[in-house]
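# Chain and residue survey
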Amino acid sequence: DAEITQSPRHKITETGRQVTLACHQTWNHNNMFWYRQDLGHGLRLIHYSYGVQDTNKGEVSDGYSVSRSNTEDLPLTLESAASSQTSVYFCASSEQGRTVDTQYFGPGTRLTVL
Amino acid sequence: AQSVTQPDIHITVSEGASLELRCNYSYGATPYLFWYVQSPGQGLQLLLKYFSGDTLVQGIKGFEAEFKRSQSSFNLRKPSVHWSDAAEYFCAVVSNTGGFKTIFGAGTRLFVKA
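### Thoughts on the nonpolar core
The tendency in soluble globular proteins is for nonpolar side chains to be buried as a group. Ranked by size, the top nonpolar core spans 26 residues in total, and within it Leu-19, Trp-35, Leu-47, Leu-48, Phe-74, Leu-76 and Tyr-89 of chain B carry the most contacts. Among the elements that take part in this core, strand β10 (residues 87-95) of chain B stands out by supplying 4 residues, more than any other.

Here it is, written out as structure tokens:
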């Protein structure tokens, strides 16, 4: 069965370190998204991609970067981790191009920055 | 700007009782609306969606939602709640400003008591 996976599931790091969260989907979806989930805020969009070599900034992109070198993966990098980036991070994908479609979510990565 | 409001942070219902979760949106054009459910420690799963047509939409797990344009609402309902429905529920609207991006409400946590 097709799926979307995230790794690691839990990560503890220190302020100032670079951290990369992996997202891999086997749906062959064009669109991929990264969200962070914080209490009281729901999910907020960090970055998204409509296809290989395409990346776009979302609502809360400062301090984060992504790259899309193939269809399956969209790694999220925190260049210099800050305590404010402690959160749960979700990756999602959807099939269509730049149109409305259902998103399929990974299980999440809980990141703690000390 | 587009926004989604879920007025209830948490709701407690008895098993077997009916449920209604409220969602109000702010959107200038015809909205694309979604309800997602998140079980503890998991990613989000689509319950149902509204794009056009019949304003009463059926979803998985016995849920339904009704789109009311005059009230800018898309409330989620279930006639008889099961203990397994305890989870967090997110309403979302798709914004087509600068590409199709999903805007999530802050979520409503549902508790089910025996």
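### Quick notes on the layout of surface pockets
Computed from the structure, the largest pocket encloses a volume of approximately 400 Å³. Lining the largest pocket are 23 residues, and of these Gln-37, Val-88, Phe-90 and Arg-110 of chain A together with Gln-38 of chain B sit closest to its centre. Residue assignment for the lining of the largest pocket shows that the elements contributing at least two residues are β4 (31-38), β9 (87-94) and β11 (109-113) of chain A together with β10 of chain B. Considering only residue class, the lining of the largest pocket consists of 7 nonpolar, 11 polar and 5 charged.

### Some details on the state of the cysteines
Per the counting criterion, the structure on display carries 2 disulfides over all chains. One disulfide bridge connects Cys-23 of chain A with Cys-91 of chain A, the sulfur atoms lying 1.8 Å from each other. Taking the sign of the torsion about the S-S bond as the criterion, the disulfide between Cys-23 of chain A and Cys-91 of chain A, at about -70°, is left-handed. With Cys-23 of chain A in strand β3 (residues 19-25) and Cys-91 of chain A in strand β9, this pair connects stretches of sequence that are 68 residues apart. For the pair Cys-23 of chain A and Cys-91 of chain A, one class covers both residues: buried. Residue pairing for Cys-23 of chain B: its cysteine sulfur links by disulfide to Cys-91 of chain B, the two sulfurs lying 1.9 Å apart. Negative torsions about the S-S bond denote left-handed disulfides, and the value of about -65° found for Cys-23 of chain B with Cys-91 of chain B makes this one left-handed. Of this pair, Cys-23 of chain B sits in the loop between β3 (19-21) and β4 (24-26) while Cys-91 of chain B sits in strand β10; the two residues are 68 residues apart in sequence, bridging distant segments of the chain. On the accessibility criterion, Cys-23 of chain B (0% relative accessible area) is buried.

### A word on the sheet that holds strand β1 (residues 4-7) of chain A
Residues and elements named next belong to chain A. Across the sheet, which stays open at both edges, the 4 strands sit in the order β1-β3-β8-β7 with antiparallel pairing between neighbours. At either margin of the open sheet sits one strand with a lone partner, and together these are β1 and β7 (64-66). Sheet twist, expressed as the average angle between the axes of neighbouring strands with direction ignored, equals 20°. Judged from the 4 bridges that link them, β1 and β3 form a sheet pairing that is antiparallel. If you follow Ser-7 over to β3, its bridge partner there is Ala-22.

About the cut-offs
Residues numbered from 1 in each chain as written. Chains lettered and ligands numbered in written order. Predicted model: local features only at pLDDT ≥ 70, side-chain atom pairs only at ≥ 80, totals over all residues. Heavy atoms only, no water. Core = buried A, V, L, I, M, F, W, Y, C linked by side-chain atoms within 4.5 Å. Buried < 20%, exposed > 50% of the residue type's maximum accessible area, 1.4 Å probe, protein only. Helix = DSSP H or I, 4+ residues; strand = E, 2+ residues; numbered from the N terminus. 1 Å grid on protein atoms, 1.4 Å probe; cavity = no way out; pocket = protein on both sides within 12 Å on 5 of 7 lines; lining within 4 Å. Points joined across faces, edges and corners; volume = space filled by probe spheres on them. Nonpolar A, V, L, I, M, F, W, Y, C, P; charged D, E, K, R; others polar. Disulfide = S-S within 2.5 Å. Pairing = 2+ DSSP bridges. Axes fitted to C-alpha atoms, helices over the stretch in contact; angles between N-to-C directions.

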